[in-house]
Amino acid sequence: MSETPIDLSQSGPTETVIGAEPTEALDALAMAMALPEQDRREAVAKVVADWPRFLDGWARLGELGRDPVERYAVLPGRLPPRTRHPAWVRLAR
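Residues numbered from 1 in each chain as written. Predicted model: local features only at pLDDT ≥ 70, side-chain atom pairs only at ≥ 80, totals over all residues. Heavy atoms only, no water.

Participant: What is the right way to read the overall build of the protein chain from this model?
Facilitator: If you tally the helices and strands in the protein chain, you get five helices and zero strands. Counted from the first residue to the last, the protein chain has its helices and strands arranged as α-α-α-α-α. For the protein chain, buried positions account for 20% of its 93 residues. A sequence separation of at least 24 residues applies to 46% of the contacts in the protein chain between residues at least 6 apart. (Helix = DSSP H or I, 4+ residues; strand = E, 2+ residues; numbered from the N terminus. Buried < 20%, exposed > 50% of the residue type's maximum accessible area, 1.4 Å probe, protein only. Contact = heavy atoms within 4.5 Å.)

Participant: Just checking my understanding: could you explain the confidence of the model for the protein chain for this structure?
Facilitator: In low-pLDDT regions, the fine details of the predicted coordinates are not to be read closely. For the protein chain, per-residue confidence averages 78 on the pLDDT scale, and residues scoring 70 or more make up 70% of the total. For the protein chain, per-element mean pLDDT is lowest for helix α5 (residues 86–92), which scores 42, and highest for helix α1 (residues 23–33), which scores 97. Overall, residues 86–93 carries pLDDT values under 50, and its contacts beyond four positions in sequence, including any with other chains, amount to six contacts. (pLDDT = per-residue confidence, 0-100.)

Participant: So what exactly am I meant to see when it comes to α1 here?
Facilitator: In an α-helix, one turn spans 3.6 residues; hence positions three or four apart end up facing the same way. Residues of α1 that are buried include every one of A25, A28, L29 and A32, and no others. Within α1, the buried residues cover an arc of 100° as seen down the axis, which keeps them to one side. Opposite its buried face, α1 presents the exposed residues T23 and M31, each directed more than 90 degrees away. Where α1 is buried, its residues contact α2 (37–50) and α3 (55–63). (Arc of directions from axis to C-beta.)

Participant: Whenever I open this one, the packing of α1 against α2 confuses me. Can you help?
Facilitator: Relative orientation and spacing of two packed helices are given, respectively, by the angle between their axes and the distance between those axes. Orientation of α1 relative to α2, taken along the N-to-C sense of each, is 170°, at an axis distance of 8 Å. Judged by the angle between their axes, α1 and α2 are roughly antiparallel. Packed against α1, whose contacting residues are A25, A28, L29, A32 and M33, the element α2 presents R40, A43, V44 and V47 at the interface. Of the residues in the contact of α1 with α2, the class split is eight nonpolar, no polar and one charged. (Axes fitted to C-alpha atoms, helices over the stretch in contact; angles between N-to-C directions. Parallel < 35°, antiparallel > 145°, perpendicular 65-115°, else oblique. Nonpolar A, V, L, I, M, F, W, Y, C, P; charged D, E, K, R; others polar.)

Participant: What is the right way to look at the pattern of salt bridges in this model?
Facilitator: Any two side chains of opposite charge can pair if their charged atoms end up close together. Under the criterion given, the structure shown has five salt bridges. For E63, the salt bridge identified is with R60, shortest N-O distance 2.8 Å. On the criterion of helical spacing, the pair formed by E63 and R60 is a turn pair, its members being three residues apart in helix α3. Beyond isolated ion pairs, a larger network of salt bridges with shared partners links R41, R66 and E70. (Salt bridge = Lys/Arg side-chain N within 4 Å of Asp/Glu carboxyl O.)

This is the structure we're talking about:
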């Protein structure tokens, strides 16, 4: 048996706060989303490649998926790169 006490606080775990997205990433995504539809997906993919922890970029890339497999790959329920911090992954299990 472990000697480590278990915290049974009624308030629950502390809130996880994800910091603001980089202004450059927000601007790049806005420009990518303003492109003609045939160029948009590739431009958003470049934004995500440049800022792989940019959650909104992943969300837009999922919306622009060409088929169900691409759309599934970035579903909101799947953990995007920014939330793959070891502590958060343990909480998600």
